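Take a look at the letters that make up each chain.
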Amino acid sequence: MVPLKVAFVGSGGAARGIAHLGVLKACEEVGIVPSVFVGTSAGALVAATYGQDIPLDVLLDAYRLPWRRRHNGPRLYMRTFLGAPKLADFLDPGYLLSGVFSMHGLERTLERFLPENDFQRIENQILVTAVDVDSGERVVFGKGHRTDVPISRAVAASCCVPGLFRPMKVGDRYLMDGEVKRTLSLDLAINAGANVIIISNVYRPEERAAGERSLARSGPFGVVRQAVNLVMSEKERRGVELTSRNNPRVVFLDIAPDIGAFSYANRWSARSLVLRGYRTALRSLTEAKERGVFDDVASSDAALN
């Protein structure tokens, strides 16, 4: 008999990561309550907010049109993510040119909004990953790892997509998007004691049948988006296969919603993204629950088959 411990592991994906909220909505409807949250980039933002029991509707409100908003919560505008450089950055031209924007706006927003900004003071286990620019090593923030950095700064560092955002200085090191090293950090969820891991991956490649308009005719952004999806989904697939072979007693539920042609910057399609994540997750989680995956016998044959 093994007590059930569920982890939610969210990929990056910029605005497409809004689909993670749909996956979590499906978890709520099926009665699944994760206690471990692992994320990088967009997944880190979801982990740091929902992992602190901020209601889903409040998080969704951040993306609603002004006249549709229901709560006096945070507003995630484009300027939240497209921060201007600080005056001190102009004294370091090399650093200034290392990215177009900064993530300090997101850091300040999270400082104001998060119920707790200290990894040591939160009940659930929230683990955020980034990569050290100079050493190439993965950096993990959360209980059992680094806790000397505010959650807001760790999440902002995890969201620094190379080239687009300048690396975030944390202590005397510079950090960038954790997905540069790993699409997912399933090992962190396993080490935290999870025996059921719900993976929310938004990099599923778009599929167009013969006779449909080719992505090659949709301009450079469509081709680049598809290329990124192919590379990241393959990394994710191989990572899940390897980790599952090495951990046969852990159940992995790999949920990859069909995001379609939605771009990585299309935050205005939040409703559609959430619905796609929700529908895919609800089917997968319902089937898993019927098989007994979420019973308190995580090592049973029902959970492993």
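Residues numbered from 1 in each chain as written. Predicted model: local features only at pLDDT ≥ 70, side-chain atom pairs only at ≥ 80, totals over all residues. Heavy atoms only, no water.

Q: How would you summarise the overall build of the protein chain if you had to cite specific residues and measurements?
A: Counting its regular elements, the protein chain contains 11 helices and 10 strands. Relative to a compact globule of 305 residues, whose C-alpha radius of gyration would be 19 Å, the protein chain shows 19 Å and is just as compact. Considering only C-alpha atoms, the protein chain reaches an extent of 60 × 55 × 45 Å along its principal axes. Looking at the protein chain residue by residue over its 305 residues, the buried ones come to 51%. In the form shown here, the protein chain has an accessible surface area of approximately 14,400 Å², with 54% of it arising from carbon and sulfur atoms. For the protein chain, the distance from the average position of its 39 positive side-chain charges to the average position of its 33 negative side-chain charges is 6 Å. (Helix = DSSP H or I, 4+ residues; strand = E, 2+ residues; numbered from the N terminus. Rg over C-alpha atoms; globule rule 2.2 N^0.38 Å. Buried < 20%, exposed > 50% of the residue type's maximum accessible area, 1.4 Å probe, protein only. Areas by Shrake-Rupley, 256 points an atom, 1.4 Å probe, with all protein chains shown as cover. Lys, Arg positive; Asp, Glu negative; His and termini not counted. Charge placed at Lys NZ, Arg CZ, Asp CG, Glu CD.)

Q: For the packing of aromatic side chains, give the residues involved together with the corresponding values.
A: All chains considered together, the criterion is met by 4 aromatic pairs. Each ring, one from F8 and one from F37, has its centre 6.4 Å from the other, and the planes form 50 degrees; the classification is tilted. With a gap of 29 residues between them, F8 in strand 1 (residues 6–10) and F37 in strand 2 (residues 36–39) connect regions that are remote in the sequence. Like F8, the residue F37 is buried in the burial classification. (Phe/Tyr/Trp six-rings, centres within 6.5 Å; stacked < 30°, edge-to-face > 60°.)

Q: Could you give an account of the state of the cysteines, with specific residues and numbers?
A: Going through the model one piece at a time under the given rule, you end up with 0 disulfides. Left unpaired, C159 is separated from the closest cysteine sulfur, that of C160, by 7.3 Å. (Disulfide = S-S within 2.5 Å.)

Q: Explain a nonpolar patch on the surface to me, and be specific about the residues and the numbers.
A: The grouping of V100, V161 and L164 at the surface amounts to a nonpolar patch, some 220 Å² of accessible area in total. Here L164 shows up in strand 6 (residues 163–165). Judged by its relative accessible area of 36%, L164 is partly exposed. (Patch = residues over 30% accessible without salt bridge, like charges linked within 9 Å, V, L, I, M, F, W, Y side chains within 5 Å. Salt bridge = Lys/Arg side-chain N within 4 Å of Asp/Glu carboxyl O.)

Q: Give me the nonpolar core: which residues, what numbers.
A: Within the largest apolar cluster, 68 residues are counted, with the highest numbers of intra-cluster contacts made by M103, F141, V155, I198, L285 and F294. Membership of the second largest hydrophobic core comes to 18 residues, among which are V9, V36, L127 and A189. (Core = buried A, V, L, I, M, F, W, Y, C linked by side-chain atoms within 4.5 Å.)

Q: An account of the pattern of salt bridges is requested, with residue identities and associated values reported.
A: A complete count under the given rule lists 11 salt bridges for this structure. For R146, the salt bridge goes to D148, with nearest N and O atoms at 3.0 Å. One salt bridge in this structure joins R182 and D187, with 2.9 Å as the shortest N-O distance. For D187, a relative accessible area of 22% gives the class partly exposed.

Q: How would you sum up the side chain of S233? Please name residues and give values.
A: Looking at the element boundaries, S233 is found in helix 9 (residues 220–246). Within the local environment of S233, its side chain forms a polar contact with the backbone oxygen of L230, the two atoms lying 3.2 Å apart. Apart from the residues lying within four places of it in its own chain, the contact partners of S233 are Y203 and P205. (Polar contact = N/O pair within 3.5 Å; in protein donor to acceptor, adjacent residues only side chain to side chain. Contact = heavy atoms within 4.5 Å.)

Q: Explain the packing of helix 1 (residues 19–30) against helix 2 (residues 42–50) residue by residue, including any values.
A: Relative orientation of the contacting elements helix 1 and helix 2 amounts to 40 degrees, with a least axis distance of 10 Å. Viewed along their axes, helix 1 and helix 2 adopt a mutual orientation that is oblique. The handedness of the crossing between helix 1 and helix 2 is right-handed. Along its contact with helix 1, which presents H20, L21, L24 and E28, the element helix 2 presents A42, G43, V46 and Y50. Partitioned by chemical class, the residues of the contact of helix 1 with helix 2 number 5 nonpolar, 2 polar and 1 charged. (Axes fitted to C-alpha atoms, helices over the stretch in contact; angles between N-to-C directions. Parallel < 35°, antiparallel > 145°, perpendicular 65-115°, else oblique. Left-handed = near helix turned anticlockwise from the far one by under 90°. Nonpolar A, V, L, I, M, F, W, Y, C, P; charged D, E, K, R; others polar.)

Q: Talk me through the pairing of strand 4 (residues 125–132); I want residue IDs and the actual numbers.
A: Most of strand 4 is tucked away, with 8 of its 8 residues classed as buried. Residues Q125, L127, T129 and V131 of strand 4 are buried on one face, and the alternating residues I126, V128, A130 and D132, pointing to the opposite face, are buried as well. Across 4 bridges, strand 2 lies against strand 4 in parallel orientation. Among the inter-strand pairings, F37 is bridged to a residue of strand 4, identified as I126. Here strand 4 pairs with strand 5 (residues 138–141) via 4 bridges, running antiparallel. Bridging from a neighbouring strand, A130 pairs with V139 of strand 5. Hairpin connection between strand 4 and strand 5: a loop of 5 residues separates the two successive antiparallel strands, and G136 in this loop has a positive phi of roughly 75 degrees. (Pairing = 2+ DSSP bridges.)

Q: I'd love a proper account of the confidence of the model for the protein chain, names of residues and values included.
A: If pLDDT is low for a region, its predicted coordinates should not be looked at in detail. The predicted model of the protein chain averages 88 in pLDDT, with 93% of residues at 70 or higher. Within the model, the stretch residues 297–305 combines pLDDT values under 50 with 17 contacts to residues more than four positions away or in other chains. (pLDDT = per-residue confidence, 0-100.)

Q: Describe the packing of helix 2 against helix 7 (residues 151–158), naming the residues involved and giving the relevant values.
A: Look at helix 2 against helix 7: their axes get within 8 Å of each other, and the N-to-C directions meet at 160 degrees. It follows from the interaxial angle that helix 2 and helix 7 lie roughly antiparallel. Here helix 2 runs over helix 7; the crossing is left-handed. Counted together, A44, L45 and A48 of helix 2 and I151, V155 and S158 of helix 7 form the full contact between these two elements. When its residues are assigned to classes, the contact of helix 2 with helix 7 shows 5 nonpolar, 1 polar and no charged.

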